[in-house]
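Here are the chains, one letter per residue:
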Amino acid sequence: MSNATLPAGARDPGYPTERENYLTNSSGILSWLFTLDHKRIGLMYLVGVMSAFAIGGLLALAIRLHLLDPEGWMFSGAEANNIYNQVFTLHGAIMVFLFIIPSIPAALGNFLVPVMLGAKDVGFPRLNLSSFYLWLFGAFFFVTALFSSGLDTGWTFYTPYSTTTDTSVILATLGAFILGFSSIFTGLNFIVTINTMRPPGMTWFKMPLFLWATYATSIIQVLATPVLGITLLLLIAERTMHIGIFDPEFNGDPVTYQHFFWFYSHPAVYIMILPAFGIISELISVHSHKHIFGYRFIAYSSIAIALLGFLVWGHHMFTAGMSSLTTIVFSALTFTVSVPSAIKVFNWLATMYKGSISLTTPMCYAISFVFLFTIGGLTGLFLGTLATDLHLHDTYFVVAHFHYVMVGGTLIAFLGGVFHWWPKMVGKLYNETHGRIAALLVFLGFNGTFLPQFVLGSRGMPRRYATYDPEFATLHQLSTFGALLLGVGLLYAFIVLMVSLVKGRRAPANPWGGVTLEWQCTSPPPYYNFERPPVVGDPYDFHNLEWDAENERYVTTEPERKLAPESTPEEVPAHAGGQK
Amino acid sequence: MFPANESLAMTFPTLLADLNESFWFPIQGSSFAEEVDWVYDLILYISLAFFIPMMAFMAWCLVKYIKARGTKAESQTSHNTPLELTWSIGPSVLLVWMFVQGSISFLDMRTPPEGSYDVGVQAFKWGWTMDYGNGVFHPELHIVKDEPTKLSMRSTDVIHSLFIPAFRAKKDIVPGRYNYMWFKPTVASEKISDEELAKLKKQSEGATWDYDMHQVTPEGYTFFDLYCTEYCGKNHSEMQTVVVVHETQAELDAWIKANSARGSDVSQEAWGELLYNRRGCAGCHSIDGTKLVGPSFKDLYGSEHPLASGDNVLVDENYVRESIIAPKAKVVAGYQPVMPSYKGQLSDDDIDSIIAFLKSISENAPSEPAAEAESEEESAE
């Protein structure tokens, strides 16, 4: 019918049968719990990190509500300050360890890396499943420990406070230690997968940028996370045996802990933000229907950020009393990271120029990202510059800055990614209008929450305060109202996705017009992703896509590209379990 | 709780209207402030010079290039090396400028001039003690205008950080070492008239002095806020004190002299109560029976307490003195050994005064001296 309007040879993989569809190809709870399918593991991770985010988000609202009044509004009584301290510790620890770090690599990455590569699964499917269970166990242990012991150290566990407080630091750090292994396993798996399982024809520079970003992230995960593990073990040893590394009472030096901690945790910031860059590169290119601008610069800048990210941890300690020379060197190194980050933003803008932009929900998030991340990045300059950092360090300016990077950056990219790949993951389309309204609410709510905090910080409001001087009240109240709006927006976005599961239209293979390989298989993908190794071309070459208005989908029109030889042996890996 | 809310309504509009403050910053109270604000503005304007055109460009693209679905893009240009090199290298030059400016100012802020006025600072959970030498300790920081001042800081427990927003100065205080900072205040505090002060004193009679509500110190000086900005546990947000900048050295000397010891016309109980409020006791020990970090002082003197070690102890002169000098020696059961030692910071008369104060608020104390104390207190007021 509609194909009459399309050129001859238009190809579309159609819809998967129930037996092909990875969601329905086997049923029963055990088929999920023991699955080795990266897509199911990715989906389970998605449910996990979203639950963690919900808990962390409610705690954030509690914090903001408490700060409605200078004397504290939410919590009252003699223990109000204690409760507040525990709540912000819980919020930070859950958001960092359970949400931001695993969100994109483990949830979206697990689903996308093999499909984008045209592979059937990751390199080590069993390791992949074990990393999920480690995360689940670690998360359960961590959350239980945090809630039961009322940890009040802040997510950074700074010594000597953490070695002297009577809350259960040991249980919580053990939780973080276990979560570290999950992170390392995921990173290791992706490195192996990307190194060894690219299909014929996919050279490094034919890889989608999301894969470059994931690869760079994985390098950091594998190299930096062990340092955190060792640091946390040393912290436990210090608490139990007083070995005298961190606690001055036993001839230790508390600043040593900060060096160790930030040697992991600064690169960890890039574990959070690099995959987000990858997502945004995909989103902007696909929804502008235009070749990504400066592919190589973006790819190289991911690697550059991953490497430079290891050299700048000292900028968290400008006021701690390092020598002047060390401080200045760290400041200089810090500025080097801003160059590759800026390059990416310029490239995204250039990609939109002369494109054909569709203002879809994912694109709305991508635009928000560019706006918010640019603010996050530019405000980082105030903190990297020594003279201004001395004034702004440990104030609300820092709080606002890192929320712009992590929430405005990672969370927004994560949401954009979820909305972009949702039709692929679940095979359903959501309501675009409602999706866009939710994105707008999130954008407004987020700015309402954190823009006032830049002013608060510049005016000298210290962070982690349960009560504050009355002159800061108005700005705090603005921030709280912003947070409530942000909460509404996020809930709205969640509802849009859930409604699509029930009422959504069936998704075509390629609803947006993407060229990367995941759009060449059905939505949702078949159990083994591809029948045969897919044809690999430039992942951002949009010449051969045609819009099929009748069926609201994009189809590929060039059939004559050389297929992989038919003689390729059919691989049925051991983990396939005899199924195809 | 209520007074603070009242003060919120009262003081907030005046504070925003204060001509000394800009939208972004508190008042410029030290020689660094101008320098830091200048660097801040430099970065702000460079950032805006990038941010506004970039966002305008994005908005323009959105207006111009939003197309119906299925429309092909006008161009598929994939790269332009000269352009990309320009926007990689161009901003780098500005970054170097920011870095250099920031570092120059930073080095100024790191090197105290010779002969700076030296004040010792001790930070503890959750309070400050400034050491003016010759046995004068006070929680407020009093310094002289246009006089370079160096703080030699130490912490008795965890990491704290001293931050004076008006001075744009901050430094962590790490236990186990001395950390130093310096600044030169440029704006002196003002002193309100005696009548006004008497009025405020009458208002807050019976309660501890609320700096935020009155916006002056108990001696009638306007002040700058001094915060702890490194998270240090439960009452981190209460760990605040104030900075008073005196016009002349003579004024500061007079203030120091007035605070050096108990005057002959002040009773021991009154002096003890003053020390209780001034030296951080009030943060952990209530006088109304509330359990805070440490045991309440109400009815403490003369009572018997079980210790963490299992023994019992009678709270008498000896025990109080020992607890002030060596607080970890005999810890009361149910409390953490977290109190800092006041060894060398309180004179014998100070300790005697605190003991006298404890006696005056305890029902368990021998009755005769207590009655005497009350009458003495009244006469002192």
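An account of the accompanying structure is given in this report. (Residues numbered from 1 in each chain as written. Chains lettered and ligands numbered in written order. Predicted model: local features only at pLDDT ≥ 70, side-chain atom pairs only at ≥ 80, totals over all residues. Heavy atoms only, no water.)

### Remarks on the overall build of chain A
Here is the rule: Strands are runs of DSSP state E lasting at least 2 residues, helices are runs of H or I lasting at least 4, and numbering of each runs from the N terminus. Radius of gyration: over C-alpha atoms. The globule rule applied is 2.2 Å multiplied by the number of residues raised to the 0.38 power. The classification of residues rests on relative accessible area computed with a 1.4 Å probe and restricted to protein chains. Under 20% of the type maximum is buried, over 50% is exposed, and intermediate values are partly exposed. Two residues qualify as a contact provided that any one of their heavy atoms is within 4.5 Å of a heavy atom in the partner residue.
Looking only at helices and strands, chain A features 15 helices and 4 strands. Relative to the compact-globule value of 25 Å for 580 residues, chain A shows a C-alpha radius of gyration of 24 Å, a close match. Seen through its C-alpha atoms, chain A measures out along the principal axes to roughly 75 × 45 × 45 Å. When burial is assessed residue by residue, chain A has 67% of its 580 residues classed as buried. Long-range contacts, defined here as pairs at least 24 residues apart, represent 81% of the contacts in chain A between residues at least 6 apart.

### Quick notes on the overall build of chain B
Secondary structure assignment for chain B yields 11 helices and 12 strands. The globule rule puts the C-alpha radius of gyration for 381 residues at 21 Å, and the 28 Å found for chain B is more than 25% above it. Dimensions of chain B along its principal axes, counting C-alpha atoms only, are 100 × 50 × 45 Å. The burial tally for chain B puts 49% of its 381 residues in the buried class. The long-range share in chain B, meaning contacts at least 24 apart out of those at least 6 apart in sequence, stands at 63%.

### What about the pairing of strand β9 (residues 224–228) of chain B?
Residues and elements named next belong to chain B. What counts here: The pairing criterion for strands is at least two bridges between them, as found by DSSP.
Of all the 5 residues making up β9, 5 are buried; the element is thus mostly covered by neighbouring parts of the structure. A two-sided burial pattern is seen for β9, the buried positions comprising Phe 224, Leu 226 and Cys 228 on one face and Asp 225 and Tyr 227 on the other. Here 2 bridges tie strand β6 (residues 160–164) to β9, and the two strands are oriented antiparallel to one another. Following the sheet pairing, Phe 163 is matched in β9 by Tyr 227. Across 4 bridges, the pairing between β9 and strand β10 (residues 240–246) is antiparallel. Across the sheet, residue Phe 224 finds its bridge partner in β10, namely Val 243.

### Structural notes on the interface of chain A and chain B
For clarity, the cut-off: Two parts placed together each lose some accessible area under a 1.4 Å probe, and adding up what both lose gives the buried area. Salt bridge, as applied in this entry: a Lys or Arg side-chain nitrogen positioned within 4 Å of an Asp or Glu carboxyl oxygen. N or O atoms closer than or at 3.5 Å make up a polar contact, with two conditions inside protein: a donor-capable atom paired with an acceptor-capable one, and, for residues adjacent in sequence, both atoms drawn from side chains.
At the junction of the two partners, chain A supplies 107 residues and chain B supplies 94 residues. Together, the buried faces of chain A and chain B total about 8500 Å²; carbon and sulfur atoms form 64% of this surface. Summed over the shared surface of chain A and chain B, the result is 3 salt bridges. Between Glu 546 of chain A and Lys 72 of chain B there is a salt bridge; the shortest N-O distance is 3.8 Å. Counting across the interface, chain A meets chain B through 34 residue pairs in polar contact (both at pLDDT 80 or more).

### A look at the environment of Ile 170 of chain A
Residue and element names in this part refer to chain A. Within the element layout of this structure, Ile 170 appears in helix α6 (residues 169–196). Residue Ile 170 is classed as partly exposed on the basis of its relative accessible area of 27%. Separated by 213 residues in sequence, Ile 170 and Leu 383 have C-alpha atoms that sit 32 Å apart. Once residues lying within four places of it in the same chain are set aside, the contact partners of Ile 170 are Ile 236, Arg 239 and Thr 240.

### Quick look at the packing of aromatic side chains
The following threshold applies: In this analysis, rings of Phe, Tyr and Trp, with Trp reduced to its six-membered ring, are considered paired at centre separations within 6.5 Å, and the interplanar angle assigns stacked below 30 degrees, edge-to-face beyond 60, and tilted for intermediate values. The rule for a charge over a ring is simple: NZ of Lys or CZ of Arg within 6 Å of the ring centre, and within 35 degrees of the ring normal.
One pass over the full model with this rule turns up 73 aromatic pairs over all chains. Measuring from ring centre to ring centre gives 5.2 Å for Phe 246 of chain A and Tyr 257 of chain A, while their planes differ by 85 degrees; the resulting arrangement is edge-to-face. Of this pair, Phe 246 of chain A sits in the loop between α7 (209–241) and α8 (254–288) while Tyr 257 of chain A sits in helix α8, placing them 11 residues apart in sequence. Like Phe 246 of chain A, the residue Tyr 257 of chain A is buried in the burial classification. Grouping aromatic residues by their ring pairs yields a cluster made of Phe 382, Phe 397, Tyr 404, Phe 446, Phe 450 and Phe 454 of chain A together with Phe 23, Trp 24, Phe 25 and Tyr 40 of chain B. Between Lys 170 of chain B and the ring centre of Phe 163 of chain B, over which it is positioned, the NZ or CZ distance is 3.9 Å.

### Focus: the pairing of strand β8 (residues 179–183) of chain B
Residues and elements named next belong to chain B. Of all 5 residues in β8, 4 are buried, a share of seventy percent or more. With 5 bridges connecting them, strand β5 (residues 149–155) and β8 associate as antiparallel partners. Along β8, the bridge assignment pairs Lys 150 with Trp 182.

### A look at the environment of Ile 46 of chain B
Residue and element names in this part refer to chain B. Inspection of the secondary structure assignment puts Ile 46 in helix α2 (residues 31–65). The buried category is assigned to Ile 46, whose relative accessible area is 11%. Considering only alpha carbons, one finds Ile 46 and Ile 256, 210 residues apart in sequence, at a separation of 47 Å. Residues in contact with Ile 46, not counting those within four places in the same chain, are Leu 94, Trp 97 and Met 98.

### Here we look at the sheet that holds strand β7 (residues 169–173) of chain B
Residues and elements named next belong to chain B. Here is the rule: Angles shown run from 0 to 180 degrees and are taken between the N-to-C directions of axes, each axis being a line fitted to C-alpha atoms and, for helices, limited to the stretch in contact.
Sheet architecture is open: 5 strands sit in the order β4-β10-β9-β6-β7, paired in mixed fashion. Two strands lie at the open edges of the sheet, namely β4 (141–144) and β7, each paired on one side alone. Going from strand to strand, the sheet's axes swing by 20 degrees on average, the running direction of each strand aside. Its contacts with the sheet put helix α6 (residues 249–260) on β4 and β10, and the angle it makes with β4 is roughly 150 degrees.

### As for the side chain of Thr 163 of chain A
All names here are of chain A. When you line up the elements, Thr 163 lands in helix α5 (residues 161–164). Here the side chain of Thr 163 touches Asp 247 through a polar contact of 3.5 Å, side chain to side chain. Contact partners of Thr 163, with chain neighbours within four places excluded, come to Leu 235, Glu 238, Arg 239 and Asp 247.

### Points about the sheet that holds strand β2 (residues 127–131) of chain B
Pairing is mixed across the open sheet formed by 5 strands, whose spatial order is β3-β2-β1-β5-β8 (chain B). Strands at the two margins of the open sheet, each flanked by one partner only, are β3 (137–138) and β8 of chain B.

### Notes on unusual backbone geometry
Residue and element names in this part refer to chain A. With an omega of -5 degrees, the peptide bond running from Thr 159 to Pro 160 counts as cis. Residue position: Pro 160 is located in the loop between α4 (125–149) and α5. Notably, Asn 529 is not glycine yet its phi reads approximately 70 degrees, a positive angle. For Asn 529, a relative accessible area of 1% translates into the label buried. Here Glu 552, not a glycine, exhibits a phi torsion of approximately 50 degrees, which is positive. Checked against the element boundaries, Glu 552 lands in the loop between β3 (545–548) and β4 (553–556).

### Notes on the packing of α4 of chain A against α6 of chain A
Residue and element names in this part refer to chain A. The line we're drawing: For classification purposes, an angle smaller than 35 degrees is called roughly parallel, one larger than 145 roughly antiparallel, one from 65 to 115 roughly perpendicular, and anything else oblique. Note on convention: near helix rotated counterclockwise from far helix by under a right angle means a left-handed crossing. Clockwise means right-handed. Residue type decides the class: Asp, Glu, Lys and Arg count as charged, Ala, Val, Leu, Ile, Met, Phe, Trp, Tyr, Cys and Pro as nonpolar, and the leftover types, Gly among them, as polar.
Relative to each other, α4 and α6 sit at 160 degrees, their axes nearing to 8 Å. It follows that α4 is roughly antiparallel to α6 by the angle criterion. In the crossing of α4 with α6, the sense of the turn from one axis to the other is left-handed. For the contact of α4 with α6, the per-class residue count stands at 18 nonpolar, 8 polar and no charged.

### Some points on the pattern of salt bridges
For the structure shown, the criterion picks out 16 salt bridges over all chains. Between Glu 79 of chain A and Lys 234 of chain B there is a salt bridge, and its shortest N-O distance comes to 3.7 Å. Placement of the pair is Glu 79 of chain A in the loop between α2 (38–66) and α3 (80–117) and Lys 234 of chain B in the loop between β9 and β10, with the two residues belonging to separate chains. A residue is classified by how much of its surface remains accessible, and Glu 79 of chain A, at 40% relative accessible area, is partly exposed. The exposure class assigned to Lys 234 of chain B is buried, which follows from its relative accessible area of 12%. Glu 317 of chain B is the partner of Lys 359 of chain B in a salt bridge, and the nearest nitrogen-oxygen pair spans 3.0 Å. One end of the pair, Lys 359 of chain B, is in helix α10 (residues 348–360); the other, Glu 317 of chain B, is in helix α9 (residues 317–325), and 42 residues separate them in sequence.

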